[in-house]
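Per-entry structural report
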Amino acid sequence: MTLLERPGIAPGEPGGTATEVVAAPPGGARRTRLRPPSALAIVILLLLVGLVAGPVLMVFVGAVQSEAPGLPNNHFSWDAVFRVYFSGEFYGSLLGTLGMAIVTAALSVVFGGIAAWFLTRVAVPLRRLWEFGLILPLFLSPFVGALAWLLLAAPNSGIINVNLRWMLNLDDDAVLVNIMTLPGVVFVMLLFYVPYAYLFISSALRNMDPSLEEASNMNGRGTFATAMRVTLPMMRPAIVASFFFVAVLATGVFVIPAVLGLNTSFSPLAVEVYRAMTVFPSNPPTAAALGTLLFWFTLVGVYLYRRSVRNSNRYVTLSARATRPRMVKLPVGRWVAAAFFAVYALLAAVLPYLTLILMSLTPFAITDMRNVRLSLDGIIQVWKRPDVSTAFGNTLILGIVVPTVVVLIGLGISYVVVRERGRLGAVIDYLGTFPIAVPGIVFATGVLWLYVRTPVYATVFVVTIALIGAYMPQGARFASAGLLQIDRSLEEAARMNGASKLRMLFTVTFPLLRPSLLSAWTLLFVFATREVNEAVILSGPKSRPLSVLAWNYVEQGSLQQAAVVGLFLTIVMAVGILFARVVLRAKLDSSNL
Amino acid sequence: MSQITADQSAPTTRKNRGAALEVTDLRIKYGETEAVKGISFSIQPGEFLTLLGPSGCGKTTTLRCIAGLEPASGGTIAIDGAVVAGPDKHVQPEKRGINMVFQSYAVWPHMTVAKNVGYGLKGSSKSEIASRVDEVLELVGLAPYAKRYGTELSGGQQQRVALARAIVTQPKILLFDEPLSNLDAGLREQMRFELLQLQRTVGITSVYVTHDQTEAMSMSDRVVLMRDGRIEQLDVPREIYRRPASEFAATFIGRANLIHASLGESRTQAHVDGIAITSEDPYDGEGSEVTAVFRSENVVVGPDTAKLENRWDAVVERLMFLGRHLDVTLRLPSGLVRAEVPIDTPVSEGATVPVGVRARDVHFVKAES
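These numbers come from a predicted model, not from an experiment. (Residues numbered from 1 in each chain as written. Chains lettered and ligands numbered in written order. Predicted model: local features only at pLDDT ≥ 70, side-chain atom pairs only at ≥ 80, totals over all residues. Heavy atoms only, no water.)

All names here are of chain B. Taking strand neighbours across the sheet as the criterion, the five strands line up as β14-β13-β12-β15-β21 in an open arrangement whose pairing is antiparallel. Whereas interior strands pair on both sides, the edge strands pair on one side only; in this sheet they are β14 (275-278) and β21 (363-366). Across the sheet, the mean angle separating the axes of adjacent strands is 45° when strand polarity is ignored. Note: strand β12 (residues 256-263) against strand β15 (residues 289-295), seven bridges, orientation antiparallel. (Pairing = 2+ DSSP bridges. Helix = DSSP H or I, 4+ residues; strand = E, 2+ residues; numbered from the N terminus. Axes fitted to C-alpha atoms, helices over the stretch in contact; angles between N-to-C directions.)

This part takes up the interface of chain B and chain A. Contacts between the two partners involve 29 residues from chain B, matched on the other side by 27 residues from chain A. Of the roughly 2500 Å² buried where chain B meets chain A, counting both sides, 56% is carbon and sulfur surface. Contact with chain A buries surface across chain B, with E94, H110 and Y119 of chain B losing the most and accounting together for 27% of the total. Applying the counting rule to chain B against chain A returns one salt bridge. (Contact = heavy atoms within 4.5 Å. Buried area = accessible area lost by both parts, 1.4 Å probe. Salt bridge = Lys/Arg side-chain N within 4 Å of Asp/Glu carboxyl O.)

All right, on to the nonpolar core then. Proteins that are soluble and globular tend to have nonpolar side chains buried together. All names here are of chain A. Membership of the largest hydrophobic core comes to 232 residues, with the highest contact counts inside it found for F254 and W551. If one sorts the elements of this core by residue count, helix α7 (residues 182-207) sits on top with 16 residues. Residues lining this core come from more than one domain, with at least three contributed by each of domain 2 (39-73 + 376-593) and domain 3 (90-263 + 317-371). Beyond its immediate sequence surroundings of up to four residues, F254 is in contact with A270, V271, Y274, I441, N533, V536 and W551. (Core = buried A, V, L, I, M, F, W, Y, C linked by side-chain atoms within 4.5 Å. Buried < 20%, exposed > 50% of the residue type's maximum accessible area, 1.4 Å probe, protein only. Domains from an automatic or database assignment.)

Residue and element names in this part refer to chain B. Reading across the sheet, the five strands line up as β16-β20-β17-β18-β19 and stay open at both edges, with antiparallel pairing between neighbours. The sheet is open, and its two edges are formed by β16 (300-301) and β19 (335-341), each paired on a single side. Relative to strand β20 (residues 352-357), strand β17 (residues 310-321) runs antiparallel, the two being bridged by six bridges. By the bridge assignment for β20, V315 is matched with T352.

Residues and elements named next belong to chain A. Relative orientation of the contacting elements helix α5 (residues 142-153) and helix α6 (residues 159-167) amounts to 20°, with a least axis distance of 4 Å. One element, α5, and the other, α6, form an angle in the roughly parallel class. Contact with α5, carried on its side by L151, L152 and A153, involves I159, I160 and N161 of α6 and no other residues of that element. Looking at the contact of α5 with α6 residue by residue, the class counts come to five nonpolar, one polar and no charged. (Parallel < 35°, antiparallel > 145°, perpendicular 65-115°, else oblique. Nonpolar A, V, L, I, M, F, W, Y, C, P; charged D, E, K, R; others polar.)

A word on the confidence of the model for chain A. Residue and element names in this part refer to chain A. Here chain A averages 83 in pLDDT, and 90% of its residues register 70 or above. Highest mean pLDDT in chain A belongs to helix α3 (residues 91-121) (93); lowest belongs to helix α20 (residues 488-496) (80). Between residues 5-33, whose pLDDT stays under 50, and residues either more than four places distant or in other chains, the model counts 86 contacts. Every residue in residues 317-321 scores below 50 in pLDDT, and together they form 15 contacts with partners more than four places removed in sequence or on other chains. (pLDDT = per-residue confidence, 0-100.)

Structure, rendered in structure tokens:
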């Protein structure tokens, strides 16, 4: 995806933002001769080389070494590449990863699409609430969600199994639900990825000219026939785009299968990368080679995603006026739909967080409800640990520095790409959107090796640098979406009224961009604080944020402590979001994401 | 505006296949605001009726309500005597046997032209559908484009696809929602003619919504002039133009000179500021404060005014040469009057000239303060 393409659909996490379909800015005649690159463009280019191009290159360099780059006896070697690509050792893992990604993406699209249709076309009772419930998981941590589901539905000690056993008088080893399976992993991923599909498809549904459906009604077709023959085909680009988008996410996901300990059938490539990096005897070149293998597939996914986004522009038809689509009457169906939405909200948000709170209040991780004694001891104990306060500080640094820097650089990128254009603009555009194709854990290994000999190594700043690079596409995307909606003549009018370029930026451009940038900042704050995929590779005991600390507890099997830290993390995120929402007045509904 | 193409007796003599439509005391509410406040009109089979009015007058809402795309909150709509919308009754749009041409054309971009047009023909065999589609595409002149996709066509062609799709189902009533407003001026005129031609050929009862008075005047058998959710005037175009029912009707359609005046003893003559204004038709409204309405093209300037019933002296304030005619702004004691006169009329700015209007070109309406 490049910043100049404006889909009528709404990408979410590594995608960017939903732009309203607005009149295209007058282009054409403005394309004068190429100007020499501005100072801004050169600065941005250098930043992107250090933040994006360097780490990605280092992954490829690292794959053809014998040891981790930076070690003394390291030399050039094809061994890791041969092992990963040709030995067959990882083929099962690769196929499993791709299969899991495709199934997850397909189901996300089905559920997200149906949800979007109901929420935009049917008078579902409590519609606003369900819509909130559907985008809420975007602001929650998939890691914490996976952890909560592990506590809920682990085969032996999970709350559901333990308590249903005595309630239903079953054997002590009866397993009713088991989240530590492939379907379990897909289920938890769905909870977090359906919202992306929903965002894409619902925005396309909202932008669709309602008279296209009305014309079908006028030609004698009822609700169902209209939905299948007109609405569904019109949604095809959005459906395809969200499919590949989710597939790319699911291919690179590390934390959900890792928490759920999926290793019965296969272990996903991202988990293999993690193992090769951290588990003794570690083999960094293999991790890098695995990273390149993952990279090719996500690259294909991103390419297909971009193509479908481009195609979707063809489907944007001229719309007469802003009429709202006619609401379909489904007297029974709307209640059924409401029930499904309620179940989703329960599974994705309510149940996991209740579990988290309950487990935090239960010392010794007792899951049998008959023996539960609630106390704050566990929380206080964890709270007093010195590594928790260090982690708090680190999370705060990440949560403040990363979104701020990303939004600023993103603004610079989008200004160069949207306003200055030119050949350098195109290069910057590609570099800025590149990290979408690189799974976080792979990107992090690149960052690690790039900065291994610098003073930032093993500090929280190397994590900060990695996250800034990884989230660059989102920052740029939000800023460009905002910038594309500001007609150039508004800026030109400022210049004609005697303002310098700088004054124009501060008096016209920035104030108009404020809403987009605030939404971007808030979402990036969420991403940065909950991040595990990258930070887990890069941070040591002194530099780890809360999310990694919680992960380390999971690794040690201390689920109760993990739950407490997960709760702390959730509180930090909630406070940040509330701050953005109430103090900064950031808009966070589905039309702004 | 001397162009009157519609033959007033036409609806009964033309070939017609459409249904009659009866709208009685129709009310449409959006939340608290009432967009349509109780309007009634009826359409004969085959008639072409236009709902005309400024934006926000409720014309499109009325049309969508006839289509079944909006629910009525009061009153009834009956097609050929059968109530389709009324108290506790709302026949779904797909069951009404109506079709519609949308302002945005609503040509489905994922279907070819032929698929778009054949969409509404369900229950027929494939070959039957194909031949019907061919026939209609031939009729609108799109036969060579059958395999193209909707978005590959120009605005005018998309318009024709929408039209073909609407007539292929042989609806009882055809609705047009400002179908020409997205076309450029030249194409609009051509399409106006084609559309009318087609409506006459197929003879379907048509309800047409527009804010363009020229469209309304040139195409319709009758015009419903709407304002703020009410009917201002319902008549044949020529009568609306010649005898507007109100100041609004007079100014919305064509360019009118309005002079506030008070009726004297006779109901055919009014006075203001020392000038007398005579009309042929006696004023039949209430009160004695009236507004005299006459069209600027009926104002005569110069010696030709000698035999006219209304004859005043006026000062020429401004002259504008518009090619086809001379636009003259004249100052009367009562205020300014605009006249469109032949370009060879001997006038110059600042001169005092005789100005006149025939009594039969003057019409009194109730004065609005």
